[in-house]
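Architecture at a glance
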Amino acid sequence: LSSLVLHCRCSKCFTVPARKRVRKRVPALTLLSLPEEVLLCVLQCLSAEDLLAVRAVHSQLRDIIDNHSSVWARVSFRDTWPSPNTVWLFERAAEKGNFEAAVKLGIAYLYNEGPLLSDEGRADVCGRKASQFFSLAESLRSPTADPFIWVFIRPPWSPTGSCCKAVVFDRLKAECETNVERRGTLLHCLARVLQLFDDDKRAEALTLLEESSQSGCLQSAYLLWEHNRKTMADPGRYLQFIRTLRDYAAKGCWEAQLSLAKVCSSDNPLGLEQRACADLVAQLFRSCPPVSLDFYSSLSRYILVDWLVEVTTMKDFSSLTLHVTVGCVDRYLALRSVPKARLQLLGIACMVVCTRYISKDILTIREAVWLTDNTYKYEDLVRMMGEVISVLEGKIRTPTLLDYGQVLLSLLPLERLSVHLFSYLCELTLLYSALTTYSSAHLANAILLLTRALHHYAPIWPIQLAEYTGFSKQDLVPCTLLLYVKCFSKDVPKDYRQMSLTGVKQRFEDEAYQHISKEKVIDFKELCQVLEVPEVEPYMVLPSPTGQPADIHTFLSSPSSNSKRRREESLPVHRGSFVATPTAELSTQEETLVGDMLDWSLDTSCSGYEGDQESEGEKEAKEGESDRHSEQYVGNLKSQCTIES
């Protein structure tokens, strides 16, 4: 009977087995899941170390990296230097179009700093390699860019034995015969080198400039124009001469643009209407961008610039050299963060490069190391030079306050004492990072307005200045008042000994500047009356220490400091003994990348380094100066170290 019983399908007497819910597995997202275009963008942002790590993860990633030149061209070698274990990586990236790798390889081979080579024929091998990568670096830049590799092979050359610089020069000269594409740029570099030798080679330099100009090098064409300008005696050809300058300016040569603006400011050789001539000059001032450094420590930068000013004074470098050096420092800081412990290294490296570009007398690498009291070593400076050139993309010289000032002074000349005041204010302006929010053109006009106000020129801002610069007095008043407050403030930053950092003021106390820094200036209230504005002092934050005095170590003393401290160690008589022992510690990235790298010794006998030394005659001439400065300069810098983080 039980078998005949029918059960209902309720939950008590009948249970349907529950279905097991199977979860669908979501595929994992990896780099390979990205579209190839996006993946390439990601890979291009990696450092060389990270790129190698990604390349080792998967064969598909390895194929993508190896088959796309854009990845190697954009890979970053920040804080990484060629070594025997990594030179293949640099060379591969350079051949794929990586400018940073090419520059660092060229400098590394030139100074024999990094790649480990045998002693036999080292100068010839290094010279061939350096010329290869220097030439490659120039080819990766814009055709209108100013060539830069001549800065590293310029004289002085080694007076004895083989010189790597001479080998590079000869190799580049031979390449000009076969490489039509790079001929114009390379000939320009060779000509710039020969111009720095004696008169017997300057005629050859002019010939090379003409050949370079015919090959399409705009900078060579402008240098020829400058040379012919000095010998121009035919008034009938002057108009065509200025038209040629206008063509160079239209093609993007900023030196030609400045020259054209100066010519049009003082005259109207093109026969333009006054308004058109004024617009041409004003366009130069409007096209200047600012370099903002608000993110960087104003005190750190103030101390660095003050120290560079005093190095410039001691070495008798031009004010232009100082301005270009600070400009390179600012442009580098705008693109890269720098630990405070390496800020002085950045400054002196920029000065080494800029003196080679501007001055006939250079700051040698050996002397630059000595100026830091051996805080850094030779290889540290060489590597920082490579970092600077690669980050700035070879662009060393840019328009400065002095360049715009020359245009302004040609437009409306000042008395000699007022010109010194203008120059004094220009150098004071370099000290304050807050002023970099204004463009150099804006600052130059504001400095001129302040100069005219302090020396009671009337009218204070003529219509001619307003028309030719594009700046009205109202446009310049805020910047002018800020300049006054900063430049003439009595609350000057001090070092750890509570001594005021007044390198610029001491520099312009010299008789050559008519003691302009000692001149009494009108007070702020009177300045506002002269400018016809309400007496409202602009807001300003002075660079001052934020922590305890013991927390800040500045560039304590300087070449021209009056305070003297005895050096604990005996000071070697011969400056050559200041070369640091070449045992640089490798960076963290290099240790991670290579693992078991050694310290590399530096043999300078066959490198470009020997050419950076002074000749025997120069050493004897400077020996007296060195003796006078050694106690106060080296002794002071003995206690100096860079600003700690």
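As a convention, each chain's residues are numbered from 1 in the sequence order in which they are written. Residue-level local features of this predicted model are given only where pLDDT is at least 70; pairs of side-chain atoms are given and counted only at 80 or more, and the full residue set underlies all totals for whole chains, interfaces and linings. Side-chain metrics in this entry use all non-hydrogen atoms of the structure; hydrogen atoms and water are not considered.

Our focus in this paragraph is the nonpolar core. Phe152, Leu346 and Leu381 are the most contacted members of the largest nonpolar core, which totals 183 residues. In this text, helices come from DSSP runs of H or I with a minimum length of four residues, and strands from runs of E with a minimum of two, each type numbered from the N-terminal end. The dominant element in this core, judged by the number of residues it contributes, is helix H18 (residues 343-358), at 11 residues. To define a nonpolar core, start from buried Ala, Val, Leu, Ile, Met, Phe, Trp, Tyr and Cys residues and group those joined through side-chain atoms within 4.5 Å. Buried residues are those whose accessible area, probed at 1.4 Å on protein chains only, stays under 20% of the maximum for their type, while exposed residues exceed 50% and partly exposed ones sit between those limits.

Moving on to the pattern of salt bridges. Any carboxyl oxygen of Asp or Glu that lies within 4 Å of a side-chain nitrogen of Lys or Arg is treated as forming a salt bridge with it. In the structure shown here, the tally under the stated rule is 20 salt bridges. Glu367 is the partner of Lys315 in a salt bridge, and the nearest nitrogen-oxygen pair spans 2.9 Å. Residue Lys315 is located in helix H16 (residues 298-315), and its partner Glu367 is located in helix H19 (residues 365-371); the two are separated by 52 residues in the primary sequence. Overall, the relative accessible area of 1% leaves Glu367 in the buried class. Notably, a salt bridge pairs Arg397 with Asp403, separated by 2.8 Å at the nearest N-O pair. Neither Arg397 nor Asp403 differs from the other in exposure class; each is buried. Connected via shared salt-bridge partners are Glu100, Lys104, Arg336 and Glu387.

On to the packing of aromatic side chains, then. Classification of ring pairs rests on two measures: the distance between centres of Phe, Tyr or Trp rings, Trp counted by its six-membered ring, which must be within 6.5 Å, and the angle between planes, read as stacked under 30 degrees, edge-to-face over 60 and tilted in between. Going through the model one piece at a time under the given rule, you end up with 15 aromatic pairs. Measuring from ring centre to ring centre gives 4.7 Å for Trp225 and Phe241, while their planes differ by 10 degrees; the resulting arrangement is stacked. Taken together, the residues Trp225 in helix H12 (residues 218-231) and Phe241 in helix H13 (residues 238-250) connect sequence positions 16 residues apart. Looking at Phe241, the relative accessible area reads 9%, which means it is buried.

Right, let's talk about unusual backbone geometry for a bit. Cis peptide bonds are those with omega within 30 degrees of zero, and the linkage from Pro155 to Pro156 qualifies with 15 degrees. Omega for the peptide link from Ala458 to Pro459 comes to -5 degrees, which places this bond in the cis form. Along the chain, the position of Pro459 falls in the loop between helix H23 (440-454) and helix H24 (463-469). At Glu393, a position not held by glycine, the phi torsion is positive, near 55 degrees.

This part takes up the environment of Arg171. By secondary structure assignment, the location of Arg171 is in helix H9 (residues 164-176). Residue contacts are defined here by distance: any two heavy atoms, one from each residue, within 4.5 Å place the two residues in contact. Once residues lying within four places of it in the same chain are set aside, the contact partners of Arg171 are Arg128 and Ser131.

Across its 17 residues, helix H17 (residues 319-335) extends 25 Å between first and last C-alpha, which sits within 8% of the 24 Å expected from 1.5 Å per residue. Most of H17 is tucked away: 13 of the 17 residues are buried. Expected span, for any helix, means 1.5 Å times one less than how many residues it has.

What follows is about the confidence of the model for the protein. On average, residues of the protein carry a pLDDT of 81, and 78% of them reach 70 or more. Segment residues 540-608: pLDDT under 50, and 163 contacts once partners within four positions in sequence are set aside and those in other chains are kept. Every residue gets a pLDDT, meaning the predictor's confidence in that residue, from 0 to 100.

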